[in-house]
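Architecture and fold: a report
The residues making up each chain are set out below.
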Amino acid sequence: MLDDFFIRALVAGVGVALTAGPLGCFVVWRRMAYFGDTMAHSALLGVALSLFFEVNLLLSVFGVSVLVSAVLLLLQRRQSLSADALLGILSHSALAIGLVLVAFMTWVRIDLIAFLFGDILAVTPSDIALIWGGGAVVVAAIIWLWRPLVASTVSEDVAEAEGMNPARTKLFFMLLMALVIAIAMKIVGIMLITSLLIIPAATARRFSASPEWMAVFASLIGAAAVVGGLFGSLTYDTPSGPTIVVAALLLFVVSLIPAFGRTTRERPANKGVQG
Amino acid sequence: MLMTSRASSAPKKQAGEAETLVSLENAGIRRDGRWLVRGVDFSIARGEVVTLIGPNGAGKSTTAKMAIGVLKADEGTVIRSKALRIGYVPQKLAIDWTMPLSVRRLMTLTGPLKEAEITLALEATGIPHLIGAEVRHLSGGEFQRALLARAIARKPDLMVLDEPVQGVDFAGESALYDLIRTIRNSTGCGILMISHDLHMVMAGTDTVICLNGHVCCRGTPEVVSQSSDYMKLFGGNARSLAVYNHHHDHTHLPDGRVRHADGSITEHCHPDDGHHHDDAAHDHANDHTHGDHHHGHDHAHPHPVTEREGHRHA
């Protein structure tokens, strides 16, 4: 039953989930879900460019994601449009340009669906090496940057005033996001990467007493979703990427059941009245 | 203009040697072609309390952020002493509820602390019982106390407090201002404060800087509260809030001498002799020690008022 490809898929998927957990927490805390989506969508542009110029796929996706997020930050600084509208423009144009470019390149045959929705069952050993290697780099960087990351998430001003460098922290954060998108693309696909970042983190919120625990739980919940999703996809013969996301969603829904939450007891009377 | 002989700050001021922590020279911040503040000049020395006052939009928070380097000055210079350790309580701090942040974790936001240091600071601000509480469950006043405790626990060289007591109940307010003063006295840190509470400003501040896009007037609280710029800015409010506009608890005797509320009689009525705030009727028997008596004078006038902490007259 457990063929080689399935084991590989499990190992690769769990690796991606463990990496995405802590990063996903920051995406949730910093309200950057749409931002992550934009970076992920721009990955298709990266795919197209990589095919066109025949450069390494991973590098191309990483580069384009970084570029798009840099453009976004620059545009935000000018404050001519709301961040929301800018994200909408960049997100969908990056995706559309990618699709158009791919269509132009009639000489290459690419499995668009695999890029959009993932192809975890086609994971190769070298992919696994990449995922676990890259994932180790991401997790190590997050641990190293943990305090400034949390501090600048709470308040950039306080972090800056008290000797940190939130601008640099943010830059590192972008690079880590781009890296995770590049390595996760094959697992859940461009359209669904953000869900693997956000849903486990949101699920972990209910059980977590501190930012640190939330990051750990998000990793574990993500891994559980990958395992559950892969078995589900095998059982019901459904596409693996979307099934993983559905599994994550199910875990999230279960976490909403009041009996499971640790914060139920200390829910405040009414902050508005007190404050 | 310069009243250098006030008891509390006299040694420092006269020596003129207290280490300057931050100094701004002709500093300004420009956004979208508009100067938010411009031509700001002041410095904060170790052990000095500088308070920024001014109407909404006067650039108080902007100036504070410029002083600590959160905003870069678009003109002029801002010089901070090397390795300056800052404790900052911002005016607004919205913590996304999705982050599970306890008060204990908030305390170590920008640097590690020993458990004892955390407890001590929370005790000082009156919320030791909330150490394990989630930040998002705190009331506005409790949250301010936690933020203040965080800044204190860092043992900073310079504390920057942007409306530190907003949302704090009345009794708590004066206790916290007291605490701020105590910390200044015990640690010798400099304090840059933004406050709307003119009572407190006048009581616990060495230098008041009145901002309205630029520095309108500055000096000791006594000087500022009498300046015409200040009166213009604060108008009616100044009348009700400022140091000198409140109940007079002294009587001019027919012979020109002045009898004060406590029964003492002096030869002259100094501008602020014997003046008290509306809280003159406060029950002084209870243990509050806040210096809300605004005798701006340093001369030994004959009030039999015993020395209190924060009480500035000699």
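Residues numbered from 1 in each chain as written. Chains lettered and ligands numbered in written order. Predicted model: local features only at pLDDT ≥ 70, side-chain atom pairs only at ≥ 80, totals over all residues. Heavy atoms only, no water.

In plain terms, the rule: UniProt positions are given in the numbering used here, feature names are shortened, and annotations may be inferred rather than shown by experiment.
If you look chain B up in an unreviewed UniProt entry, it shows as Metal ABC transporter ATP-binding protein from Aliirhizobium smilacinae. In its Sequence similarities (unreviewed entry) section, the UniProt entry covering chain B states "Belongs to the ABC transporter superfamily."

As annotated in an unreviewed UniProt entry, chain A is High-affinity zinc uptake system membrane protein ZnuB from Aliirhizobium smilacinae. In its Sequence similarities (unreviewed entry) section, the UniProt record describing chain A reads: "Belongs to the ABC-3 integral membrane protein family." Within the UniProt record for chain A, the comment given under Function (unreviewed entry) is "Involved in the high-affinity zinc uptake transport system."

1. Thoughts on the overall build of chain B
What counts is decided by this rule: Starting at the N terminus, helices and strands are each numbered in turn, a helix being any DSSP run of H or I of at least four residues and a strand any DSSP run of E of at least two. Burial classes: relative accessible area under 20% of the type maximum marks a residue as buried, over 50% as exposed, and values in between as partly exposed (1.4 Å probe, protein chains only). Any pair of residues with heavy atoms lying within 4.5 Å of one another is described as a contacting pair. Here the open area of atoms and residues is found with the Shrake-Rupley method and a 1.4 Å probe, where only the protein chains shown may cover a residue.
Of regular secondary structure, chain B possesses nine helices and twelve strands. Counting across all 314 residues of chain B, residues that qualify as buried make up 56%. The contacts of chain B with a sequence gap of at least 6 include a subset with a gap of at least 24, amounting to 62%. With the model as given, the accessible surface of chain B reaches about 13200 Å², and the carbon-plus-sulfur share is 53%.

2. So, the side chain of Ser195 of chain A
Residues and elements named next belong to chain A. Keep this limit in mind: Each polar contact in these results corresponds to two N or O atoms within 3.5 Å; when the atoms are within protein, one needs to be able to donate a hydrogen and the other to accept it, and residues that are neighboring in sequence are counted only if both atoms are side-chain atoms.
Position of Ser195 among the secondary structure elements: in helix H10 (residues 193-205). Side-chain polar atoms of Ser195 contact the backbone oxygen of Leu192, separated by 2.4 Å. Filtering out sequence-adjacent residues up to four positions away, Ser195 remains in contact with Pro200 and Val245.

3. What about helix H5 (residues 140-153) of chain B?
In an α-helix there are 3.6 residues to a turn, and that puts residues three or four apart on one side. Put simply, the rule is: What a helix is expected to span follows from its residue count: subtract one and scale by 1.5 Å.
In this model, H5 of chain B (14 residues) spans 20 Å end to end at C-alpha, consistent with the 20 Å of a helix rising 1.5 Å per residue. Counting buried positions over the 14 residues of H5 of chain B gives twelve, a clear majority of the element. On its buried face, H5 of chain B is in contact with helix H8 (156-161) of chain A together with strand S5 (86-89), helix H3 (103-107), helix H4 (115-124), strand S6 (158-162) and helix H6 (170-187) of chain B. Where H5 of chain B terminates, the next one or two residues include Lys155 of chain B, which has phi positive at roughly 50 degrees.

4. Looking at the sheet that holds strand S2 (residues 34-45) of chain B
Hydrogen bonding along the main chain pairs the strands of a sheet, whether they run parallel or antiparallel. All names here are of chain B. Rules: The rule for pairing is simple: two strands pair if DSSP sees at least two bridges between them. Structural elements are reduced to axes, namely lines fitted to C-alpha atoms, with helices fitted over the stretch in contact, and the angle between N-to-C directions of any two is expressed from 0 to 180 degrees.
Reading across from one edge, S2-S1-S4 is the order of the three strands in this open sheet, with antiparallel pairing throughout. With one partner strand each, in any of the chains shown, S2 and strand S4 (75-80) form the two edges of the open sheet. Shown here is a sheet whose adjacent strand axes are inclined to one another by a mean of 15 degrees, direction ignored.

5. Brief notes about unusual backbone geometry
All names here are of chain B. In this structure, Asn26 is a non-glycine residue whose phi angle is positive, near 50 degrees. Mapped onto the fold, Asn26 is located in strand S1 (residues 20-31). Relative accessible area serves as the criterion here: at 42%, Asn26 is assigned to the partly exposed category.

6. Quick look at the side chain of Arg105 of chain B
Following the sequence through the fold, Arg105 of chain B ends up in helix H3. Of the polar contacts made by the side chain of Arg105 of chain B, one reaches the side chain of Glu212 of chain A; its length is 2.7 Å. If we skip the residues at most four places from it in the chain, Arg105 of chain B touches Trp146, Val150, Pro211 and Glu212 of chain A.

7. Quick word on the UniProt feature "transmembrane region" (unreviewed entry) in chain A
The residues that UniProt annotates with the feature "transmembrane region" (unreviewed entry) are residues 6-29, 41-74, 94-117, 129-146, 171-201, 213-236 and 242-261 of chain A. Across residues 213-236 of chain A, the secondary structure splits into 100% helix and 0% strand, with the terminal C-alpha atoms separated by 33 Å.

8. Overview of the pairing of S1 of chain B
Residues and elements named next belong to chain B. As paired elements, S1 and S2 share eight bridges and run antiparallel to each other. Its bridge partner lying in S2, Ser23 is registered against Ser43. Sheet topology places S1 next to S4; five bridges connect them, and they run antiparallel. Pairing of Val22 across the sheet is with Arg80, part of S4.

9. Re the confidence of the model for chain B
Residue and element names in this part refer to chain B. Counted only if it meets this: Per-residue confidence from the predictor is reported as pLDDT, a score between 0 and 100.
Per-chain confidence: chain B averages 76 in pLDDT, with 69% of residues scoring 70 or above. Taken together, the stretch residues 1-15 has pLDDT below 50 and engages in 35 contacts with residues farther than four places along the chain or on a different chain. Every residue in residues 269-314 scores below 50 in pLDDT, and together they form 113 contacts with partners more than four places removed in sequence or on other chains. The ipTM assigned to the predicted complex is 0.83, against a pTM of 0.78.

10. What to know about the packing of helix H11 (residues 211-236) of chain A against helix H12 (residues 240-255) of chain A
Residue and element names in this part refer to chain A. Definition in use: An angle below 35 degrees is treated as roughly parallel, one above 145 as roughly antiparallel, one from 65 to 115 as roughly perpendicular, and anything else as oblique. Here is the rule for handedness: rotate from the far helix to the near one, and if that takes an anticlockwise turn smaller than a right angle the crossing is left-handed, while a clockwise turn gives right-handed. Amino acids are sorted into nonpolar (Ala, Val, Leu, Ile, Met, Phe, Trp, Tyr, Cys and Pro), charged (Asp, Glu, Lys and Arg) and polar (every other residue, Gly among them).
It is at 7 Å that the axes of H11 and H12 come closest, and there the two elements cross at 125 degrees. By the angle between their directions, the pair H11 and H12 is classed as oblique. Our pair here, H11 against H12, has a crossing hand that is right-handed. Within the contact between the two elements, H11 uses Ile221, Ala224, Ala225, Val226, Gly228, Gly229, Leu230, Gly232 and Ser233 and H12 uses Ser240, Thr243, Ile244, Ala247, Ala248 and Leu251. Across the contact of H11 with H12, the residue classes break down as nine nonpolar, six polar and no charged.

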